[in-house]
Amino acid sequence: MIFLMLGIGIHSTSLAQGSPNLGKTDRLMEMAKTSISSSEYEKANYYFRQIIESSASIPPEMPYYFAETLFELKQYDNSAKFLNKYLEINGFKAENYEAAKNLEKKLKAPLEAIAACKLCDSKGYRYQPCPTCQGDKVIQQDCSYCKGKGIVGCSRCKATGIVTKKNVFNITEYYQCSRCKGEGRLTCPRCDGSLKEVSACHTCSGFGEVHSEKLCDHQVHHEHADEKTTAQ
Ligand SMILES: [Zn+2]
Ligand SMILES: [Zn+2]
Ligand SMILES: [Zn+2]
Ligand SMILES: [Zn+2]
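Residues numbered from 1 in each chain as written. Chains lettered and ligands numbered in written order. Predicted model: local features only at pLDDT ≥ 70, side-chain atom pairs only at ≥ 80, totals over all residues.

Trainee: Now, about the overall build of the protein chain: what can you tell me, with residues and values included?
Mentor: Looking only at helices and strands, the protein chain has 7 helices and 8 strands in total. Split into buried and exposed, the 232 residues of the protein chain put 21% on the buried side. Counting contacts in the protein chain only where the partners sit at least 6 residues apart, residues at least 24 apart contribute 66% of the total. (Helix = DSSP H or I, 4+ residues; strand = E, 2+ residues; numbered from the N terminus. Buried ≥ 20, exposed ≤ 12 C-beta atoms within 10 Å, placed from the backbone. Contact = placed C-beta atoms within 7 Å.)

Pasting the structure below:
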């Protein structure tokens, strides 16, 4: 996964001169461009990431080439972000302005496909069933109120089954607790005696699905379709 750092400084080469990392950055840029020309985009991606991680100044044309690479790797959302950044910073005077505008056009269809697809997130990564709840959105666990016992002590009689009252002569009288009918215990009001409680799954926040690292092809697959056939 590529981390987009928009806060990163993209300076002109003249500003970056004198930096000890410049030679290294230039070398990485050349290697990345060579990789692109031989269609080795994974490699190019690796070199661009090295540039970003080096915290040296980013060469002005780098965001364009990176966007091109990300496009080829089908990371359209990330590609668009770098492309926009490139155009925003360099404007129409950019060395690769025409190519960048062309890439912008090429990105339109895949970005629209991602936006229209319900099987993937906004970056085009496929959702997968939540590994914790298996897509159920909820998880069942021991009732936390009764600690999985199904019964709780009656609060009115403090679990004794007996309540006391002072009569008009200030004498204490004993009665059977009407709430628990003298049992001192009640069926747990939260789980209703089922010993289990159901709560929204924490892993997927109740969505039933989680993000994955897999790029989406926006097609329903059979493995996905016959996963859940029973109603919840
Ligand atoms: Zn009671
Ligand atoms: Zn309970
Ligand atoms: Zn879940
Ligand atoms: Zn999709």
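Trainee: Lay out the nonpolar core in plain terms, naming residues and giving numbers.
Mentor: Counting 25 residues, the largest nonpolar core has Ala32, Phe48, Phe66, Ala67, Leu83 and Tyr86 as its most contacted members. Broken down by secondary-structure element, the contributors of at least two residues to this core are helix H2 (22–37), helix H3 (41–53), helix H4 (62–72), helix H5 (76–90) and helix H6 (97–116). Looking at this core, the element that brings in the most residues is H4, giving 7 residues. Setting aside anything within four residues of it in sequence, one finds tyrosine 86 in contact with Pro63, Tyr64, Ala67, Ala94 and Ala100. (Core = buried A, V, L, I, M, F, W, Y, C linked by C-beta atoms within 7 Å.)

Trainee: Describe the environment of alanine 44, naming the residues involved and giving the relevant values.
Mentor: With respect to the element layout, alanine 44 can be found in helix H3. Judged by the 25 C-beta atoms lying within 10 Å of it, alanine 44 falls in the buried class. Sequence separation between alanine 44 and methionine 31 is 13 residues, and the spatial gap between their C-alpha atoms is 7.3 Å.

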